[in-house]
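# Per-entry structural report
One-letter residues, chain by chain:
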Amino acid sequence: MQEPQRRIRALYGESTITVYQAYPPEIGVPAARDGRFPPAWRRDRMTWIKPSFLWMMYRCGWGEKAGQETVLAVEVTRDGFEWALRHSCLSGYVRGVHGDRATWQRRLRRAPARVQWDPERDLRLRALPYRSLQLGLTGEAAGRYADEWTVAVRDVTPLARAIRAHVSDGDLDAAAGLLPPERPYPAPPAAEFGCPCPGRAG
């Protein structure tokens, strides 16, 4: 079945969803150890969370880019994640979604979350013809993410390295077998964040 142009794909359960971030060790290591972000984690800047593991691997170079050496899997509440979606604004102006460019700019300045759709990646980190979500959190959303929504934090850097090793050896089946089992996420419908996913029943 053909993939839609935009879809949230994620590892999730009944009440939580896993998103990925990458940090330098001085932030990533204590975050994974303590299950919460350390004081060095800055609340006054935009933080981007990615439900797609392979998009995170593309962004951080399998955990080898400077300042992104520790790859974290952050389990957050679905209620919190969906709050961010409902209070988000697309990071770019889209005719037909926003009344006009000035309206979009006003909303963007006020919104505590930003949605960006970027090409999904395959195991060789090549762009695919469909897109996955990046969700930027700032202000109230960043505070809620750190203090209320985060349920658990795991260091998945060893997993990233193991998958990359299989890819480097040409064993894509073994690499695929280690990937988190992501599936379409039943996000609440919202034209503002440009996702065609159906809403969750109930």
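Here's what I pulled together on the structure shown here. Not measured: the values here are computed from a predicted model. (Residues numbered from 1 in each chain as written. Predicted model: local features only at pLDDT ≥ 70, side-chain atom pairs only at ≥ 80, totals over all residues. Heavy atoms only, no water.)

## A word on the side chain of glutamate 82
Test applied: Segments assigned H or I by DSSP are reported as helices when at least four residues long, segments assigned E as strands when at least two residues long, and all are numbered from the N terminus. When a residue's accessible area, from a 1.4 Å probe over protein chains only, is under 20% of the maximum for its type it is buried; when over 50% it is exposed; and in between it is partly exposed. Pairing of N or O atoms within 3.5 Å defines a polar contact, subject to two protein rules: one partner must be a possible hydrogen donor and the other a possible acceptor, and residues neighboring in sequence count only if both atoms are side-chain atoms.
Looking at the element boundaries, glutamate 82 is found in helix 3 (residues 78-86). Residue classification places glutamate 82 among the buried positions, given a relative accessible area of 7%. Within the structure, glutamate 82 has its side chain in polar contact with the side chain of tyrosine 185 (distance 2.6 Å).

## Structural notes on the sheet that holds strand 6 (residues 113-121)
Worth spelling out the cut-off: Strands qualify as paired when DSSP identifies two bridges or more between them. A fitted line through C-alpha atoms represents every axis, and for helices the fit uses only the stretch in contact; the resulting angles, taken between N-to-C directions, go from 0 to 180 degrees. For this analysis, residues touch if any pair of their heavy atoms sits within 4.5 Å.
With mixed pairing, the four strands of this open sheet are ordered in space as 3-7-6-5. Bordering the open sheet on either side are strand 3 (47-49) and strand 5 (88-90), each of which pairs with just one other strand. Averaged over all adjacent pairs, the angle separating strand axes in this sheet is 40°, with direction ignored. Pairing analysis gives three bridges linking strand 5 to strand 6, with the strands arranged parallel. Residue serine 88 lies in a different strand from strand 6, and its bridge partner there is alanine 113. Here helix 2 (residues 53-60) sits on the sheet and contacts strand 6 and strand 7 (127-137); the angle it forms with strand 6, its principal contact strand, is near 90°. Across the face of the sheet, helix 5 (residues 140-149) comes into contact with strand 3 and strand 7 while running at roughly 85° to strand 7.

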